[in-house]
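One-letter residues, chain by chain:
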Amino acid sequence: MFAHMHVVMMDTGQHLALVAVALAISIALALPLGVLAARHPTISAPLLAALGVLYTIPSLAILALLVAYVGLGAGPALVTMVAYAQFVLVRNVAAALHGVPVAQSDAAMGLGMSDAQRLMRVELPSAFPVILGGVRIAAVALIAIASLAGYVNGGGLGTMIFDGLQRDYLEEILAGSIPIALLAIAVDTGFRLIERRASRWR
Amino acid sequence: MNSPAGAPVRFERVSVRYSGSQTEAVDAVAFDVRPGEFVVLLGPSGCGKSTLLRTVNRLVVPNAGRVLVGDKDTATLDAVQLRRRIGYVIQAVGLFSHMTVAQNVAVVPSLLHWDRARIDARIDELLHMVRLDPARYRDRFPKELSGGEQQRVGVARALAAEPEILLMDEPFAAVDAIVRHALQDEIAEIARRLGTTVLFVTHDVDEALRLAARIAILERGRLVQYDAPLRILTAPAAPFVESLLDTHDVVRRLSLKCARDAMQPPRDGAGPDVREDVSLREILNDFLRGAATVHVLDGNARRIGSLSFGDVVAAVASS
Ligand SMILES: Nc1ncnc2c1ncn2[C@@H]1O[C@H](COP(=O)(O)OP(=O)(O)OP(=O)(O)O)[C@@H](O)[C@H]1O
Ligand SMILES: [Mg+2]
C-alpha cells in the first residue's frame, strides 16, 4: 500500500480540487439565488421546490444521465455536485437572511443605505456565520459525492474505490475511502474553527 | 462645533393606509414643526405614531397629503439622500451586531464618504456626547453593552452626520426609570445645543411632558391636540386627551405634590409668589398667566425657592 502512496496523494489532491471547484461554483450560484429567495417570497417557494427535486434524485442517477449526454470526465461529476449542493446552500442562505433581525434591516434603511448597501454591509455580514455553517455541511457532503467522479473517469479518490470494488481488492478500496473520511473530518473541523472566529460578535 | 440649524417639518393632511387595511393608520394629519423644535408624538399603542414618524424619512409613503422637510416636498427628494440628513433612532435600537460600537456610529459618515481621520474624531466626540468613554467602548460589540448603553450608541449613530432632523421612536422604552431620566436629560440637552429639530414618539405622558416644546396627541390616526405641555395639562382639547392624562394619573399627582416638593434654590427674576404648601396643580395657573418663574415663600413670607414649569413636570414625572 505504501508503494502507492503517491497515487493516493495525487487522488486526494484531485478529490480536493473537485470539491473546491464544485463548492466555489455552488456558492457563486447559491448566494444570488438565496438573496432572491429571501427577498421575494413568491419566487422562493417554486425555486426551493425545483432545487428540492434535484436534491431528491439520487446523485448517481443524475450523473448517469449526464454521462449519457456529455460523456465521461470531471465535467458531469462537477455538475452533479453543484446541483446537489444548491438545495442545501440556497435554503441556508435564505434562512440566514431571514434570521437577520428586522430592526437591523430597518435601521439600515432608515440611516440611508441603498438596497445593495443594506445587503452588503448589514444583511450578508450579519448572516455570515449561519451561511458558513451551511457551506460546511455542503462541503462535507460534496467530499462524499465527489467519489462518484471516480466512476466516470473524473479522477479523485473514488477512482480507487470503484477500481477496488471491481477487482474485489479491499486494500485499494480502503486506500480510497480512508482518506475521504479523513478529508471530511478535517474540512468539518476547519470550517468549525472559522465559524467560531467569525461568530465572535454573536 | 458649528451647529447646523434644524430643518422645519410640515405635515399637510397626511394620510396613510396600509395595503389590506380598511382604516387609515394616519388620517389627514396636519401640523408644523419649527426648526430646532422638540415635538413629541403621543398616543396609545396603534394610534399611528410610528407610521407618521416614518413618513418623514419616507420609510412610509403617504397615500395622500405631503410631508415637507426644509420646505421641500419629500416626494420630490431621493429617499436615500433624504435619510442621510435625518437621524433615526428606533425602539428596538437595531445596532448592527457584527459591527463594533465605533463602526456602528461611523455608518452614516462612511456612507457620506467622510475621510478616515474625520470619522475617527467624530466617533470620539459622539461617544463623549452620550457619556460613553471612547477608550472603553469603541471596540465593543453590541452584545457586550447594557440596554441603556445600546440606546446611547443608537443615539450617537443617529447624530453622527449632524442631521437636521432627529426622529426617535420610543428610544428609551427598554431601560429602567433612572437610566431613562438620565437619557431624557441628555437628549434634551444635546438637541438644544445642536439646534436639531426632534420628532420623538412615546406613549408615556410623563416623558412627553418632560421633553416636549409641543406635544402632538394622536387618537386612531387623527391629530386631536397639538399644543405646549402646559396647555395640554390645563386645557385638554378633547375628552380623549383628558382620559389620556387620567390614565397616567398626571392631574392627581400634580394635586398631591406642593410647591415645596418641586422647588429649586431661589432664583432672580420677576414672578408671582406662592406659599410652600400650595399644590402644583394650582401653580399651573400662574404659568398659564404667562409667568416663567414662580417664587416659593414659607410661613414667614421668606423666599425659600423658585419653580419653573419644567421643575413642576420633573417633580411629578419622577414619582
Ligand atoms: N407594516 C404594516 N402593515 C400593515 N399595518 C400596519 C403596519 N404597520 C402598522 N400597521 C397598523 O397601523 C396602525 C398604526 O401603527 P403604528 O405602528 O403607527 O402605531 P404606533 O402608534 O406606533 O403604536 P405602538 O405604540 O404600539 O408602537 C396599527 O393599527 C397597526 O396595526
Ligand atoms: Mg410604534
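Refer to the preceding data block for the structure.
Here, residues in each chain are numbered from 1, in the same order as that chain's written sequence. As a convention, the first chain written is A and the first ligand written is 1, with the rest following in written order. In keeping with the model being predicted, local features are shown solely for residues with a pLDDT of at least 70 and side-chain atom pairs are shown and tallied solely at 80 or more, while totals for entire chains, interfaces and linings include all residues. Side-chain descriptors were evaluated using all non-hydrogen atoms of the structure, hydrogens and water having been removed beforehand.

Enquirer: Looking at this model, I keep getting lost on the sheet that holds strand β11 (residues 273-275) of chain B. Mind explaining?
Expert: Backbone hydrogen bonds are what pair the strands of a sheet, in a parallel or an antiparallel way. All names here are of chain B. Reading across from one edge, β11-β12-β13 is the order of the 3 strands in this open sheet, with mixed pairing throughout. Looking at strand neighbours, the two that pair on one side only are β11 and β13 (303-307), the edges of this open sheet. The average angle at which neighbouring strand axes cross in this sheet is 35°, direction not considered. One requirement defines pairing of two strands: DSSP has to find at least two bridges between them. Helix and strand assignments come from DSSP, with helices taken as H or I runs of at least 4 residues and strands as E runs of at least 2, each series counted from the N terminus. Relative to β13, strand β12 (residues 294-297) is paired through 4 bridges, and the arrangement is antiparallel. Looking at β13, one finds that valine 294 is bridged to leucine 307. An axis is simply a line fitted to the C-alpha atoms; with a helix, the fit covers only the stretch in contact. Between two such axes, the angle follows the N-to-C directions and lies from 0 to 180 degrees.

Enquirer: Sorry if this is basic, but what is going on with the site of ligand 1 here?
Expert: All names here are of chain B. Taken together, the residues surrounding ligand 1 are Tyr18, Ala25, Pro44, Ser45, Gly46, Cys47, Gly48, Lys49, Ser50, Thr51 and Glu170. Here a polar contact is taken to be a pair of N or O atoms separated by no more than 3.5 Å, where protein atoms must pair a possible hydrogen donor with a possible acceptor and residues adjacent in sequence count only if both atoms sit in side chains. Between serine 45 and ligand 1, the recorded distance is 2.5 Å, taken from a side-chain N or O atom to an oxygen atom. Contact between ligand 1 and lysine 49: an oxygen atom at 2.8 Å from a side-chain N or O atom of the residue. All accessible areas in this document rest on Shrake-Rupley with a 1.4 Å probe, and a residue is counted as covered only by the protein chains that are shown. In the complex, the protein chains occlude 55% of the 630 Å² of accessible area that ligand 1 would expose alone. Counted by class, the shell around ligand 1 contains 4 nonpolar, 5 polar and 2 charged residues. Distances are taken per atom, and a residue is near a molecule or strand as soon as one of its heavy atoms is within 4 Å of it. Throughout this entry, Asp, Glu, Lys and Arg are counted as charged residues, while Ala, Val, Leu, Ile, Met, Phe, Trp, Tyr, Cys and Pro are counted as nonpolar. The remaining residues, Gly among them, count as polar.

Enquirer: What am I meant to see in the interface of chain A and chain B here?
Expert: Accessible area lost on assembly of the parts is the figure often given for the size of an interface. Contacts are assigned to residue pairs that have any heavy atoms within 4.5 Å of one another. With 19 residues of chain A at the interface, the matching set in chain B holds 23 residues. In total, chain A and chain B occlude about 1,900 Å² of area from one another, counting both sides; carbon and sulfur atoms represent 62% of this. Whenever a carboxyl oxygen of Asp or Glu lies within 4 Å of a side-chain nitrogen of Lys or Arg, that contact is scored as a salt bridge. Summed over the shared surface of chain A and chain B, the number is 1 salt bridge. Where Arg54(B) meets Asp106(A), a salt bridge forms, and the shortest distance between an N and an O atom there is 2.9 Å. Put simply, chain A and chain B have 8 residue pairs in polar contact (both at pLDDT 80 or more) between them. Residue assignment for the side of chain A that touches chain B shows that the elements contributing at least two residues are α5 (102-110) and α6 (115-145) of chain A. Once two parts are brought into contact, the accessible area they lose, counted with a 1.4 Å probe and summed over both, makes up the buried area.

Enquirer: Please clarify how the packing of aromatic side chains should be interpreted in this entry.
Expert: Ring pairs (aromatic) are described by centroid distance and by the angle formed between their planes. Residues and elements named next belong to chain A. Stacked, tilted and edge-to-face pairs are distinguished by plane angle, under 30 degrees for stacked and over 60 for edge-to-face with tilted covering the rest, among Phe, Tyr and Trp rings (Trp via its six-membered ring) whose centres lie within 6.5 Å. Enumeration according to the criterion identifies 8 aromatic pairs over all chains in this entry. Each ring, one from tyrosine 151 and one from phenylalanine 162, has its centre 4.7 Å from the other, and the planes form 45°; the classification is tilted. Placement of the pair is tyrosine 151 in the loop between α6 and α7 (158-167) and phenylalanine 162 in helix α7, with a sequence separation of 11 residues. Summary of the burial criterion: residues with accessible area below 20% of their type's maximum are buried, those above 50% are exposed, and those between are partly exposed, where the area comes from a 1.4 Å probe applied to protein chains only. Judged by relative accessible area, tyrosine 151 falls into the exposed class, the value being 54%. The class for phenylalanine 162 is partly exposed, based on a relative accessible area of 23%.

Enquirer: What's the story with the environment of His98(A) in this structure? I'm lost.
Expert: Positionally, His98(A) belongs in helix α4 (residues 74-98). Assessed through its relative accessible area of 58%, His98(A) is described here as exposed.

Enquirer: Got a minute to help me understand the packing of helix α14 (residues 280-288) of chain B against helix α15 (residues 309-317) of chain B in this structure?
Expert: Two measures define how a pair of helices packs: the angle their axes make with one another and the distance between the axes. Residues and elements named next belong to chain B. At a minimum axis separation of 10 Å, α14 and α15 run at an interaxial angle of 155°. Our classification of the angle between α14 and α15 gives roughly antiparallel. For the pair α14 and α15, the sense of crossing is left-handed. Here Leu280, Leu284 and Phe287 of α14 lie close against α15, whose contacting residues are Phe309, Val312, Ala315 and Val316. Split by residue class, the contact of α14 with α15 holds 7 nonpolar, no polar and no charged. Put simply, angles under 35 degrees are roughly parallel, angles over 145 are roughly antiparallel, angles from 65 to 115 are roughly perpendicular, and the rest are oblique. A crossing counts as left-handed when the near helix is turned anticlockwise from the far one by less than a right angle, and as right-handed when that turn is clockwise.

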